[in-house]
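Structural description and commentary
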Amino acid sequence: MDHDLAKNIKIKIQIEDFDVSTETKILQYKKTGAIVNFIGVVRDHDERTSQLINSMTLEHYPGMTELEIEKIVLKSIQKWELTGVTVIHRIGKLLVSDQIVFVGVSSMHRQNAFDACNFIMDWLKTQAPFWKVEENDNQKKWVEFRQSDEDAIKKWKK
Amino acid sequence: MQIKYFSWIKEHIGKSEEEINLPHNVSTIEELMFYLENLNDKYKRAFEKKDLIKIAINKSYSSIDDKINNTDEIAFFPPVTGG
């Protein structure tokens, strides 16, 4: 691994919110020509039932989560020439429109950053041990996994 | 052996982790699941949908046939839903 790049990888699991512009600036190194950010946010409804929700709570498997995300990020830097990668995932109780996850990738040229960001998110969705429970006034419901997330990683296995 | 449970598996069992002594006749994940589900109805319910349950040994994805020993940390959880 490129020694400089190892220093430019940041993986954080946290309760606190993150600031997109601060994180974007961190990804901007001298060789960087492109930065692609993905931000996941809390929708106001359950996808299957269309029922409105007030909040969701995220739990994870401390230790394994970090290891799994690290594996994904390491694969991405082997696959594409990148200048920096940041993955921040929040846990705990989040309200509608709150930010959940930040994946930021910087590279010399845009295509690598687009592809690597997409790759990291697709794998994070199916590998990183997080679970969401959606809440409204009457009930709480564990979010079920989506087959489309499982299908999304197939394109990276070709 | 330490066993961790997450999401609805944790809720069905009523605890997030426990320490057990591996019985002599249990040497694989499959045998451990069989042992646990026969403890009581809570475990039985938690392990009902076996094909949905993901397994980790020492924080690494594993399969039902994998061997285990008393010093391992085992985790059982549903498919992940982060991001």
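In this text the structure is predicted, and so the values were computed from the model without any measurement.

In terms of helices and strands, chain A carries five helices and eight strands. Ordering the α and β elements of chain A from the N terminus gives α-β-α-β-β-α-β-β-β-α-β-β-α. For chain A, whose C-alpha radius of gyration is 16 Å, the value lies close to the compact-globule estimate of 15 Å for 158 residues. Viewed in the frame of its principal axes, chain A has a C-alpha envelope of about 50 × 35 × 30 Å. When burial is assessed residue by residue, chain A has 32% of its 158 residues classed as buried. Residue pairs at least 24 apart in sequence account for 75% of intrachain contacts in chain A once pairs closer than 6 positions are excluded.

When pLDDT is averaged along chain B, the result is 97, and 100% of the positions lie at 70 or above. The ipTM for the predicted assembly is 0.96, set against a pTM of 0.95.

Turning to the sheet that holds strand β8 (residues 140–142) of chain A, a few remarks are in order. Residues and elements named next belong to chain A. Reading across from one edge, β5-β3-β7-β8 is the order of the four strands in this open sheet, with antiparallel pairing throughout. Both edges of this open sheet fall to β5 (92–95) and β8, since each of them pairs with a single strand only. Each adjacent strand pair in this sheet contributes to an overall mean axis angle of 25°, direction not counted. The pairing of strand β7 (residues 130–135) with β8 spans three bridges and is classified as antiparallel. Within β8, the residue paired with Glu134 across the bridge is Lys141.

Before going further, it helps to examine the environment of Ile26(A). All names here are of chain A. Tracing the backbone shows Ile26 in helix α2 (residues 20–26). We classify Ile26 as partly exposed; it has 15 C-beta atoms within 10 Å. For the pair Ile26 and Thr65, spaced 39 residues apart in the sequence, the C-alpha separation amounts to 23 Å.

Criteria and thresholds
Residues numbered from 1 in each chain as written. Chains lettered and ligands numbered in written order. Predicted model: local features only at pLDDT ≥ 70, side-chain atom pairs only at ≥ 80, totals over all residues. Helix = DSSP H or I, 4+ residues; strand = E, 2+ residues; numbered from the N terminus. Rg over C-alpha atoms; globule rule 2.2 N^0.38 Å. Buried ≥ 20, exposed ≤ 12 C-beta atoms within 10 Å, placed from the backbone. Contact = placed C-beta atoms within 7 Å. pLDDT = per-residue confidence, 0-100. Pairing = 2+ DSSP bridges. Axes fitted to C-alpha atoms, helices over the stretch in contact; angles between N-to-C directions.

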